[in-house]
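Take a look at the letters that make up each chain.
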Amino acid sequence: MPDQESTRRTVVIGNWKMHKTGAEGVALAAGIVAGLRPGRAEVAVAPPFTALAPVAAAIRGSSVALAAQDVFHEREGAFTGAVSAPMLAATGCSIVLVGHSERRHVFGDGDEDVRRKALSVLGAGMRPVVCVGETLEQRDAGRAEDVVREQLEAAVRGLSDARLAPLLVAYEPVWAIGTGRTATPDTAETMHRVIRSSLAALAGPAAAERMPILYGGSVKGDNAGAILSGANVDGLLVGGASLRADSFLDICHAAG
Ligand code: PEP
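What comes next concerns the included structure. (Residues numbered from 1 in each chain as written. Predicted model: local features only at pLDDT ≥ 70, side-chain atom pairs only at ≥ 80, totals over all residues. Heavy atoms only, no water.)

1. Some thoughts on empty space enclosed by the protein
Unoccupied space between atoms shows up once a probe the size of one water molecule is rolled over them. What counts, and what does not: Definitions used for this entry: grid spacing 1 Å over protein atoms alone; cavity, a set of points where a 1.4 Å probe fits but cannot get out; pocket, an open set with protein on both sides within 12 Å along at least 5 of 7 lines; lining residue, one with an atom within 4 Å of a point. Grid points are joined across faces, edges and corners, and a volume is the space filled by probe spheres set on the points. The secondary structure listing takes helices from DSSP runs of H or I that are at least 4 residues long and strands from runs of E that are at least 2 residues long, numbered from the N terminus. Only Asp, Glu, Lys and Arg are considered charged, only Ala, Val, Leu, Ile, Met, Phe, Trp, Tyr, Cys and Pro nonpolar, and every remaining residue, Gly among them, polar.
Counted by the stated rule, this structure contains 1 cavity of 30 Å³ or more. Taken as a whole, the largest cavity spans an internal volume of roughly 50 Å³. Lining of the largest cavity is provided by Gly99, His100, Ser101, Arg104, His105, Cys131, Val132, Gly133, Gln151, Glu172 and Val174. Per-element accounting of the lining of the largest cavity gives the leading share, 3 residues, to helix 4 (residues 101–105). Looking at the lining of the largest cavity residue by residue, the classes come out as 3 nonpolar, 6 polar and 2 charged.

Next comes the structure, spelled out in C-alpha cells:
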C-alpha cells in the first residue's frame, strides 16, 4: 500500500460552539488571519450561525476556511429555527460538523440524523466532518471501539467511494470534550486506526487512506504536537482553545 500518510493534509478546525457575537467573531477571525504563518495545515473556524456571514467577510482572501457547527438535512421548508446545507454553502461555508457530541447528547441527534445531515452537506458540495466518540461508561465497559465503528457505519453505509471523497471524520471521546482530560497520544492513535480500518471496510482501502481523521478533546498548544504524532491522526478539532487567537494559533503552528 502506498505511503499515503504523508499526503493527507493536516486539518485544524476551531469550533467556537455557542460563543462570539458577529463583532466578536470578526475580531477573533482577524487575529487568526493576522497571526497565521503559512504552513501545511489547513485551518478553518466554525462560528455560530449568526456570526457566519461577518466572519466569512473577515476571512475572505485568506487561507482560513469557514465551517458550520451543524445543519438540518432538508433543503428548505417549514422547519422553524433550522438552517439548510445550501444556505450554509451560500454563506461561504465549505465544511460542516455533523454529529458533534453536544448535538448527540444535548440535542438528541441520533445516527440517522447524522447520516441525513452528512448527505445534505455532500449534496451541497461541502465537506461533512462526521464526529464519533464514546462516553466514559462505554469506554469503561470495553465498548469504545464498537461504539465508534457503529456510529461511523451508520453515518456512511451505502455511500460509494467517490461520494465519500470529501468526507472527514473526527474522533472525539465524549469524556475528553471540554473536560481538560485529553486522550493519550497512544489512545488517540489506536482509535484512529480502528476508524481507518472501519472506513476501509465500508468504503474501500483507497478511500480510507485518503480520508483525514481529526482528534478532538481538550487539545491545547502544549499537547497538540504529541497527539498529532500518531500516524493516523491527521488534524485537530478544537473547542475551548479556539476562542482566543493566541491559543488557537499555537495549535495551528504545532500542526505545521
Ligand atoms: C469540541 O468542541 O469539539 C471540543 C473538542 O472541545 P474542547 O477542545 O473544548 O474539548
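So much for the structure itself; the text now carries on.
2. Section: the sheet that holds strand 7 (residues 213–216)
Note the cut-off: Two strands form a pair only when DSSP identifies at least two bridges running between them. Here an angle of 0 to 180 degrees is reported between the N-to-C directions of two axes, which are lines fitted to C-alpha atoms, with helices fitted over the stretch in contact. Note on contacts: a residue pair qualifies if any of its non-hydrogen atoms lie within 4.5 Å across the two residues.
Sheet architecture is closed into a barrel: 8 strands sit in the order 1-2-3-4-5-6-7-8, paired in parallel fashion. Between one strand and the next, the sheet's axes are offset by a mean angle of 25 degrees, whatever the strand orientation. Bridge count for strand 2 (residues 42–46) against strand 3 (residues 65–68) is 2 bridges, and the pairing is parallel. Each residue of the ladder has a partner; that of valine 45, found in strand 3, is leucine 66. Here helix 5 (residues 111–123) sits on the sheet in contact with strand 4 (93–98) and strand 5 (127–132), set at roughly 160 degrees to strand 5.

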